[in-house]
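Residue-level listing of the chains:
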Amino acid sequence: MAGKIKGFIGRLIMGSEKDEGYARASLPSNRWELFWDILKGRFGKLVIINLLTFIFFLPLLGLMLYRSLAFMNYGVNAPFGQPFGVGFQAVESLVGFPENISLTVNLVIYSLMPIACAIAAIGVAGGAYVIRNMVWTEGIFVANDFWKGIRQNIGRLIPIALIYGLVFFLINISVSFANQMIAMGEGTGWLLTASVVIAYIVLAFYSIMTLHMITMVETYKVKFWQMFKNAFKFTIGLIFQNVFFAICALAPCCIILLGGLGTTIGLLVIVFIGLAWALLVWTDYSQWIYDSILDSKTRGMQKNKGIYEKIKDSDSEALKQYKEQMFVRSALTSRPIKPITDDELKLAELPTSFNREDIEKLNESRRAIYEDNERYIAEHQNDEAYQMTEEEKEVNRQREEREKRIEKAKRELAKRDKKNRK
């Protein structure tokens, strides 16, 4: 019983072998179908991925919680949080006082944002890698591939996270300064308001760029500057699609904004599935972009990874290519085999009680069938239907070369072993 429980827990965490449940012939035919197929068929694994990723988001969550508690503390202890005259000196004016509190809290809390984002990037590196493999319908070991993704991509994701945390800090502090100036009546009001709006637009724009850079890190090996330029082009060129899928990806966070019970439900959704949901939505969307923009224009790149392209019978060329991919010529199919149509060539049957003469008749009939088949092979071996294609010849050549290398290596090992024994 203990062994079965241990095996169940192992399969739950690690996955049952390298998922071969995805037969290529049954794959979805577009990214929408693939998304729902993963969500329905691998929901348990998405939960595990989310929990592993969420561990690294705890510092960021703690930072936001501490910020909220700081505002509550200021609200209780500030002059406008108590009855007039109870232990407070008279304050001439409270104009701009709340904005000053907001600036002070944000200045302290958001200065730690780059560090919190860098820690969260560790979880994103692992989670995004596993989900990318899911979108490519590759077999996965959830825990093993999660740590593999961290090892492979953390070096490129941490700088992205640090820069995002710094941008987030600068923009929010700028907004806090502008709000304080507006409250105090300093400067030109409409210019300050416009600057606040522009600052939030820039933050949203760079957030989308960061999402694109994360998926590019998981998909391609490109330099940072090239990745930055591509992310900028994708964000500008696909602005409406980006906004739509960003809202879809961040839908669990939007539940929190409902307040009350919605806040509790939203937090539970984020803890168990929210992060994996966001990564799945954006990764699937990004792969659609790469299929239609990057991979289609780059020679040698494989398009539509994870998607099964349905082939119509009317498309003879596509059907031919499909059959060439699915059909591998064996030794039997490349050799002529005579159809069994000759009534005169029959295998002699042994009676219940047989003697040497009966056995000789049996051997003679077998010999006649064999010789007749050899004659058929000699007559038809040059037929076009039995000739190997150039691809098959190349495969055979590579196989023979590989076998020769293996034999050579065996001989070398045998010589070394013999020499060591002496």
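Residues numbered from 1 in each chain as written. Predicted model: local features only at pLDDT ≥ 70, side-chain atom pairs only at ≥ 80, totals over all residues. Heavy atoms only, no water.

A separate point is the overall build of the protein chain. Helix and strand content of the protein chain: 15 helices and zero strands. Expressed as a percentage of its 422 residues, the buried residues of the protein chain come to 33%. Of the contacts formed within the protein chain by residues at least 6 apart in sequence, a portion of 72% connects residues at least 24 apart. If you sum the accessible surface of the protein chain, you get close to 27,400 Å²; carbon and sulfur atoms cover 63% of it. (Helix = DSSP H or I, 4+ residues; strand = E, 2+ residues; numbered from the N terminus. Buried < 20%, exposed > 50% of the residue type's maximum accessible area, 1.4 Å probe, protein only. Contact = heavy atoms within 4.5 Å. Areas by Shrake-Rupley, 256 points an atom, 1.4 Å probe, with all protein chains shown as cover.)

This next bit is on empty space enclosed by the protein. If you walk through the whole model with that rule in mind, you get one cavity of 30 Å³ or more. Reported here for the largest cavity is a volume of approximately 30 Å³. As for the largest cavity, its lining consists of Ala 128, Arg 132, Thr 215, Glu 218, Thr 219, Thr 283 and Gln 287. Of all the secondary structure elements, the ones that give two or more residues to the lining of the largest cavity are helix H6 (113-135), helix H8 (189-219) and helix H12 (261-294). At three residues, H8 tops the list of elements feeding residues into the lining of the largest cavity. (1 Å grid on protein atoms, 1.4 Å probe; cavity = no way out; pocket = protein on both sides within 12 Å on 5 of 7 lines; lining within 4 Å. Points joined across faces, edges and corners; volume = space filled by probe spheres on them.)

Contact pair H6 / helix H7 (residues 142-184): the axes reach a minimum separation of 5 Å and the direction vectors enclose 140 degrees. One way to sum up the angle between H6 and H7 is to call them oblique. Where H6 crosses over H7, the handedness of that crossing is right-handed. Its residues assigned to classes, the contact of H6 with H7 comprises 21 nonpolar, eight polar and two charged. (Axes fitted to C-alpha atoms, helices over the stretch in contact; angles between N-to-C directions. Parallel < 35°, antiparallel > 145°, perpendicular 65-115°, else oblique. Left-handed = near helix turned anticlockwise from the far one by under 90°. Nonpolar A, V, L, I, M, F, W, Y, C, P; charged D, E, K, R; others polar.)

This part is about the packing of aromatic side chains. Inspection of the entire model under this criterion finds 18 aromatic pairs. On the basis of an interplanar angle of 75 degrees and a centroid distance of 6.4 Å, the ring pair of Phe 56 and Trp 147 is categorised as edge-to-face. One end of the pair, Phe 56, is in the loop between helix H3 (43-55) and helix H4 (58-77); the other, Trp 147, is in helix H7, and 91 residues separate them in sequence. Residue class for Phe 56 comes out buried when judged on its relative accessible area of 16%. Relative to Trp 147, the ring of Phe 146 has its centre 5.3 Å away and its plane inclined at 85 degrees; by these criteria the two rings are edge-to-face. An aromatic cluster of three or more residues is present, and its members are Trp 32, Phe 244, Phe 245, Trp 282, Tyr 285 and Trp 288. (Phe/Tyr/Trp six-rings, centres within 6.5 Å; stacked < 30°, edge-to-face > 60°.)

Attention now goes to the environment of Leu 170. Of note, Leu 170 is situated in helix H7. Through-space distance from the C-alpha of Leu 170 to that of Ser 111 is 8.9 Å; in sequence the pair is 59 residues apart.

Let us now look at the side chain of Arg 132. Within the secondary structure, Arg 132 is located in helix H6. Within the structure, the side chain of Arg 132 is placed 2.6 Å from the backbone oxygen of Glu 218, a separation counted as a polar contact. In this structure Arg 132 touches Glu 138, Glu 218, Thr 219, Thr 283 and Gln 287, once residues within four positions along its chain are discounted. (Polar contact = N/O pair within 3.5 Å; in protein donor to acceptor, adjacent residues only side chain to side chain.)

What follows covers the confidence of the model for the protein chain. Per-residue pLDDT for the protein chain has a mean of 77; in total, 73% of the residues score no lower than 70. The low-confidence segment residues 12-25 (pLDDT under 50) makes 32 contacts with residues lying over four places distant or belonging to another chain. Across residues 322-332, confidence stays below pLDDT 50; counting only partners more than four residues off in sequence or on other chains, it has ten contacts. (pLDDT = per-residue confidence, 0-100.)

Time to look at the environment of Phe 228. Relative to the helices and strands, Phe 228 is located in helix H9 (residues 224-237). Put simply, Phe 228 and His 212 are 16 residues apart on the chain and 8.9 Å apart in space, counted from C-alpha to C-alpha.

Moving on: the environment of Met 64. Along the polypeptide, Met 64 turns up in helix H4. Each C-alpha atom of the pair Met 64 and Ile 109 lies 8.1 Å from the other, and the pair is 45 residues apart in sequence.

Let's shift gears to the side chain of Ser 286. Checked against the element boundaries, Ser 286 lands in helix H12. Exposure remark for Ser 286: the relative accessible area of 0% places this residue in the buried category. Not counting residues up to four positions away in its chain, the partners in contact with Ser 286 are His 212 and Thr 215.

Among the surface-exposed residues, Ile 55, Leu 58, Leu 61 and Leu 267 lie close enough to one another that they form a single nonpolar patch of about 340 Å² accessible area. Following the sequence through the fold, Leu 267 ends up in helix H12. (Patch = residues over 30% accessible without salt bridge, like charges linked within 9 Å, V, L, I, M, F, W, Y side chains within 5 Å. Salt bridge = Lys/Arg side-chain N within 4 Å of Asp/Glu carboxyl O.)

In a regular helix each residue adds 1.5 Å, so 43 residues correspond to 63 Å; H7 covers only 54 Å between its end C-alpha atoms and thus falls short of that length. Largest kink in H7: about 65 degrees, centred on Asn 153. Directly beyond the C-terminal end of H7, a positive phi value near 75 degrees is found at Gly 185. (Expected span 1.5 Å × (residues − 1). Bend = angle between axes of the 7 residues up to and from the residue.)

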